[in-house]
Amino acid sequence: MKFIPLLSLLLVYPLIINAQQKPPVSTAGDQSPVIMAEQGDVNINYGVPQKVVDRLEELLELKDIKLDQREAELRSMTEKYKQLLKQLEEMAGNDEIQASVRSRLEAGELEEAEQLLEKELAKNVDKMNEFIRKAASSANQLGDIKEMQLEFEEAKKYYEQAVSLYPGDHQYHQDLAKLFAKLGKHDKAVRSYEKALEIVISSLGKDHMEAADCYNGIGKAWQDKGDFDRSLEYLQKSIDIQLGAEQPTSLLAAETYVLMGQTLFFKGKYDEALEQLEKSLVIRVMIHGNSHPLTAQVYDNMGICWLKKGTLNKALEYLEKSADIRYRSYGPTHPQLSFTYNNIAAVWYYRADMAKSLEYMDKVLEIQQTHLSENHPMLGSTHNNIGTLHNGLGNYEQAQRHLEKALHIRLASLGPDHPQTGAIYVNIGNNLALQGKYDPALEKMQKGLDIQLKALGEKHPSIGNTLRDMAAIKAKKGEHREALDLYQQSLDIRLKFVEPGHPELAENYLGMGLSHTALDQKTKAKELLEKALKIRKEHFEAGNPKILEVEAAIEDLE
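Residues numbered from 1 in each chain as written. Predicted model: local features only at pLDDT ≥ 70, side-chain atom pairs only at ≥ 80, totals over all residues. Heavy atoms only, no water.

Trainee: I'm lost on the overall build of the chain in this one. Help?
Mentor: Broken down by element type, the chain carries 24 helices and zero strands. Compactness check: the chain gives a C-alpha radius of gyration of 39 Å against a globular reference of 24 Å for 558 residues, more than 25% above the reference. Expressed as a percentage of the 558 residues in the chain, the buried residues total 44%. Here the contacts in the chain between residues at least 6 apart in sequence split such that 55% fall between residues at least 24 apart. With an accessible surface of roughly 29400 Å², the chain has 51% of that area assigned to carbon and sulfur atoms. Averaged over its 68 positive side-chain charges, the chain has a centre that lies 3 Å from the centre of its 84 negative ones. (Helix = DSSP H or I, 4+ residues; strand = E, 2+ residues; numbered from the N terminus. Rg over C-alpha atoms; globule rule 2.2 N^0.38 Å. Buried < 20%, exposed > 50% of the residue type's maximum accessible area, 1.4 Å probe, protein only. Contact = heavy atoms within 4.5 Å. Areas by Shrake-Rupley, 256 points an atom, 1.4 Å probe, with all protein chains shown as cover. Lys, Arg positive; Asp, Glu negative; His and termini not counted. Charge placed at Lys NZ, Arg CZ, Asp CG, Glu CD.)

Here it is in structure tokens:
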């Protein structure tokens with residue numbers, strides 16, 4: 001059945017009349033003329049071939065479109081047909097497929113035209129996806145180059161472009177996450193790592209080694225955020241995948257064990273940290289041998305653990321092993337060797353031999369200035385350490401110059417909002433405090449604290465350290481009640497991350513004990529000083545200046 005438009009018609013039945021009769025007159029109330037239809041259907045010209053109209057009407061019937069809607073639908077469909085045909089005519093001269101589609105449409109063969117266009121669409125989408133992949137790859141590679149040139153903000157722009165162009169590649173998200181971590185934007189790093197993990201799990205499965213690698217990245221990001229328990233949770237997921245895949249001796253496993261060791265180190269669990277580092281050492285020696293730079297990396301980490309345990313001879317033994325490997329592998333002026341010299345300098349610092357420590361830090365600076373750009377972040381750390389040593393030697397002006405240089409480098413390389421930039425402001429404050437300039441010192445420290453709070457949140461361990469340093473200055477000003485309040489805030493933060501016997505907590509207990517002494521609260525002072533002494537005796541050898549310092553405070557109290 002063909003569709004006839006619903007017009008205002010009178011149905012007229014034929015009459016048998018002779019030629020002499022007059023035509024009948026309509027009895028319609030409006031006396032409108034009678035419209036007679038030809039035998040069959042009424043045809044309306046829509047400006048398209050009738051065979052196309054026929055096919056469209058057939059489709060309306062098949063789709064069971066209501067009668068009162070069909071006229072409007074048909075007009076809409078025919079207008080769409082004319083518009084499409086015009087487009088095809090414009091393109092058909094240079095495109096064989098478009099010409100074929102046009103021919104099918106003119107014949108009313110909609111399904112055949114559809115099939116041709118579907119094939120063409122699939123082909124073009126494939127081409128487009130290939131172009132997008134190539135563009136995303138180029139953007140990511142540009143990010144790599146910018147990052148290697150220490151142009152981090154430019155690198156971020158390109159990495160983000162790669163993610164935007166082709167969000168289905170987990171590697172792009174991981175590269176962006178690593179850069180966020182380097183910029184101190186740890187929340188963003190976690191989110192990017194989690195997106196990478198989501199892609200890996202959906203495409204490769206939850207037990208794939210790429211998932212283990214993502215868990216490593218997330219664990220490191222939480223470590224940087226100071227949430228060590230959550231860090232260990234993700235690192236354990238990584239190692240569980242590796243154990244399940246029977247790959248507990250891969251390079252990835254060695255890296256995971258190092259990260260677990262570092263996280264336990266930050267928690268003050270040095271023995272447990274050493275256990276994980278030993279596992280990594282076994283793998284590295286098995287794969288690379290005992291004289292490989294990656295083996296030296298583990299020796300470095302183990303040396304620092306022994307340092308924090310207060311076993312300084314053992315610390316020096318491991319660090320000198322690392323220095324020997326790196327010296328033989330790279331030569332006397334390679335940047336990798338500067339890492340180990342920096343850590344050896346730390347041992348002499350803990351031995352209170354500032355001159356010997358400074359000797360090694362000068363070597364570090366000499367190596368780095370040969371190989372690194374003038375604003376490399378590592379140079380910033382070195383100038384910071386040298387400044388700290390000059391403070392210990394009483395060379396406050398020299399210390400100030402190095403700390404200001406460290407600040408300049410960090411502002412140039414990491415920006416004003418990076419937590420490491422904030423840390424330099426805190427150290428400049430300490431330098432001013434040693435010179436008796438307490439109010440300017442607190443002003444610098446507050447600036448550093450504000451940066452750290454913005455970047456890390458109010459519960460990060462670094463916030464606890466800064467509050468402790470500010471408390472010490474308040475105490476030097478004689479504002480002991482304010483000092484006690486800051487010391488307690490610092491202690492509350494630190495206890496969320498480390499064990500009660502962590503060596504850094506002794507600084508809090510000592511400072512609080514001295515302030516209670518100044519306030520003539522001797523019972524409370526003695527309790528806190530004895531806590532500090534107990535911790536330091538557990539971590540340092542007899543006769544260490546840090547032990548003698550607390551013993552002297554207790555003697556003064558008595």
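Trainee: Whenever I open this one, helix 24 (residues 545–557) confuses me. Can you help?
Mentor: Residues separated by three or four positions in an α-helix point in the same direction, a consequence of the helix having 3.6 residues per turn. Taking 1.5 Å per residue as the helical rise, helix 24 with its 13 residues ought to reach 18 Å, and the 19 Å between its terminal C-alpha atoms agrees with that figure. What helix 24 keeps buried is the set Ile547, Val550, Ala553, Ile554 and Leu557. For helix 24, the arc enclosing every buried residue in end-on projection is 125°, short of the 170-degree limit, so these residues lie on one face. Projecting away from the buried face of helix 24 at angles above 90 degrees are the exposed residues Glu555 and Asp556. Taken together, the buried residues of helix 24 touch helix 22 (505–518) and helix 23 (522–539). (Expected span 1.5 Å × (residues − 1). Arc of directions from axis to C-beta.)

Trainee: Please explain the side chain of Arg326 as it appears in this structure.
Mentor: Turning to its location among the elements, Arg326 is positioned in helix 13 (residues 312–330). A distance of 2.4 Å separates the side chain of Arg326 from the side chain of Asp300, its partner in a polar contact. (Polar contact = N/O pair within 3.5 Å; in protein donor to acceptor, adjacent residues only side chain to side chain.)

Trainee: Quick question: what am I supposed to make of a negative patch on the surface here?
Mentor: On the surface, a cluster of negative charge is contributed by Glu530, Glu555, Asp556 and Glu558. Looking at the element boundaries, Asp556 is found in helix 24. When its relative accessible area of 69% is taken as the criterion, Asp556 is described as exposed. (Patch = residues over 30% accessible without salt bridge, like charges linked within 9 Å, V, L, I, M, F, W, Y side chains within 5 Å. Salt bridge = Lys/Arg side-chain N within 4 Å of Asp/Glu carboxyl O.)

Trainee: Any chance you could explain unusual backbone geometry here in plain terms?
Mentor: Glycine aside, negative phi is the norm for most residues, and most peptide bonds take the trans geometry. Positive phi, close to 65°, is recorded for Ala352, a residue that is not glycine. Tracing the backbone through its elements, the reader meets Ala352 in the loop between helix 14 (335–350) and helix 15 (354–371). Taking the relative accessible area as the measure of exposure, Ala352 reaches 40% and is therefore partly exposed.

Trainee: Even after reading the chapter, I still don't get the packing of aromatic side chains, so can you show me in this structure?
Mentor: Across all of its chains, the model carries seven aromatic pairs by this definition. Ring geometry for Tyr341 against Tyr360: centres 5.7 Å apart, planes inclined by 55°, an arrangement best described as tilted. Of the two residues, Tyr341 is situated in helix 14 and Tyr360 in helix 15; the sequence distance between them amounts to 19 residues. A single burial state applies to Tyr341 and to Tyr360, both of which are buried. Ring pairing ties together the aromatic residues Phe228, Phe265, Phe266 and Tyr270, which thus form one cluster. The side chain of Arg230 reaches across the aromatic face of Trp222, ending 4.3 Å from its centre. When the ring centre of Tyr360 is taken as reference, the NZ or CZ atom of Lys363 above it lies at 4.8 Å. (Phe/Tyr/Trp six-rings, centres within 6.5 Å; stacked < 30°, edge-to-face > 60°. Lys NZ or Arg CZ within 6 Å of the ring centre and 35° of its normal.)

Trainee: Help me understand the packing of helix 5 (residues 152–165) against helix 6 (residues 170–182), please; the structure alone is not making it clear to me.
Mentor: Helix packing geometry: the angle between the two helix axes and the distance between the axes. With their axes 9 Å apart at the nearest point, helix 5 and helix 6 run at an angle of 155° to one another. As judged from the angle between their axes, helix 5 and helix 6 are roughly antiparallel. Read as a crossing pair, helix 5 and helix 6 show a hand that is left-handed. Here helix 5 contributes Phe152, Ala155, Lys156, Tyr159, Glu160, Ala162 and Val163 to the contact with helix 6, which in turn contributes Tyr172, His173, Asp175, Leu176, Leu179, Phe180 and Lys182. Residues that form the contact of helix 5 with helix 6 fall into these classes: nine nonpolar, one polar and four charged. (Axes fitted to C-alpha atoms, helices over the stretch in contact; angles between N-to-C directions. Parallel < 35°, antiparallel > 145°, perpendicular 65-115°, else oblique. Left-handed = near helix turned anticlockwise from the far one by under 90°. Nonpolar A, V, L, I, M, F, W, Y, C, P; charged D, E, K, R; others polar.)

Trainee: Is there a simple way to explain the nonpolar core in this structure?
Mentor: Buried together is how nonpolar side chains tend to be arranged in soluble globular proteins. Residues Met302, Leu307, Tyr341, Ile344, Val347 and Tyr509 are the most contacted members of the largest nonpolar core, which totals 97 residues. Other than its neighbours up to four places away in sequence, Tyr509 contacts Leu491, Pro500, Leu528, Leu529, Lys531, Ala532 and Ile535. (Core = buried A, V, L, I, M, F, W, Y, C linked by side-chain atoms within 4.5 Å.)

Trainee: Would you explain the packing of helix 14 against helix 15 in this entry?
Mentor: Where helix 14 contacts helix 15, the two axes come as close as 8 Å, and the packing angle between them is 165°. Taken together, the axes of helix 14 and helix 15 lie roughly antiparallel to each other. In the packing of helix 14 onto helix 15, the handedness of the crossing is left-handed. Residue-level inspection shows Pro335, Ser338, Tyr341, Asn342, Ile344, Ala345, Ala346, Trp348 and Tyr349 of helix 14 in contact with helix 15, the latter providing Met354, Lys356, Ser357, Tyr360, Met361, Lys363, Val364, Ile367, Gln368 and His371. Here the contact of helix 14 with helix 15 is built from residues that sort into 12 nonpolar, five polar and two charged.

Trainee: Quick question: what am I supposed to make of the pattern of salt bridges here?
Mentor: Two side chains that carry opposite charge are able to pair once their charged atoms sit near each other. Considering all chains together, one arrives at 36 salt bridges under this definition. For Lys524, the salt bridge goes to Glu527, with nearest N and O atoms at 3.8 Å. Highlighted residues: Lys524 and Glu527, both in helix 23, separated by three residues, approximately one helical turn. Members of the salt-bridge network, linked through shared partners, are Asp439, Lys474, Lys477, Glu479 and Glu482.

Trainee: Got a minute to help me understand helix 13 in this structure?
Mentor: Taking 1.5 Å per residue, 19 residues should reach 27 Å; helix 13 reaches 26 Å between its end C-alpha atoms and fits that length. Buried residues along helix 13 sit in contact with helix 11 (270–288), helix 12 (293–308) and helix 14. Downstream of helix 13 by a residue or two, Gly331 has a phi angle that is positive, lying close to 100°.

Trainee: How do you make sense of the side chain of Ser322 when you look at a structure like this?
Mentor: When you line up the elements, Ser322 lands in helix 13. Residue classification places Ser322 among the buried positions, given a relative accessible area of 0%. Leave out the neighbours within four places in its chain, and Ser322 touches Ala296, Tyr299, Asp300 and Thr340.

Trainee: I would appreciate a short explanation of a nonpolar patch on the surface in the present structure.
Mentor: Nonpolar side chains collect at one region of the surface, where Leu251, Met286, Ile287 and Leu294 lie side by side and expose about 340 Å² of accessible area between them. As for its position among the elements, Leu251 is in helix 10 (residues 251–266). Classification of Leu251 as partly exposed rests on a relative accessible area of 42%.

Trainee: Sorry, what's going on with the confidence of the model for the chain here?
Mentor: Atomic detail in the predicted coordinates should be set aside for any region of low pLDDT. Taken residue by residue, the chain gives an average pLDDT of 85. The fraction at 70 or more is 91%. The low-confidence segment residues 1–43, where pLDDT is below 50, has 23 contacts with residues more than four positions distant or belonging to other chains. (pLDDT = per-residue confidence, 0-100.)

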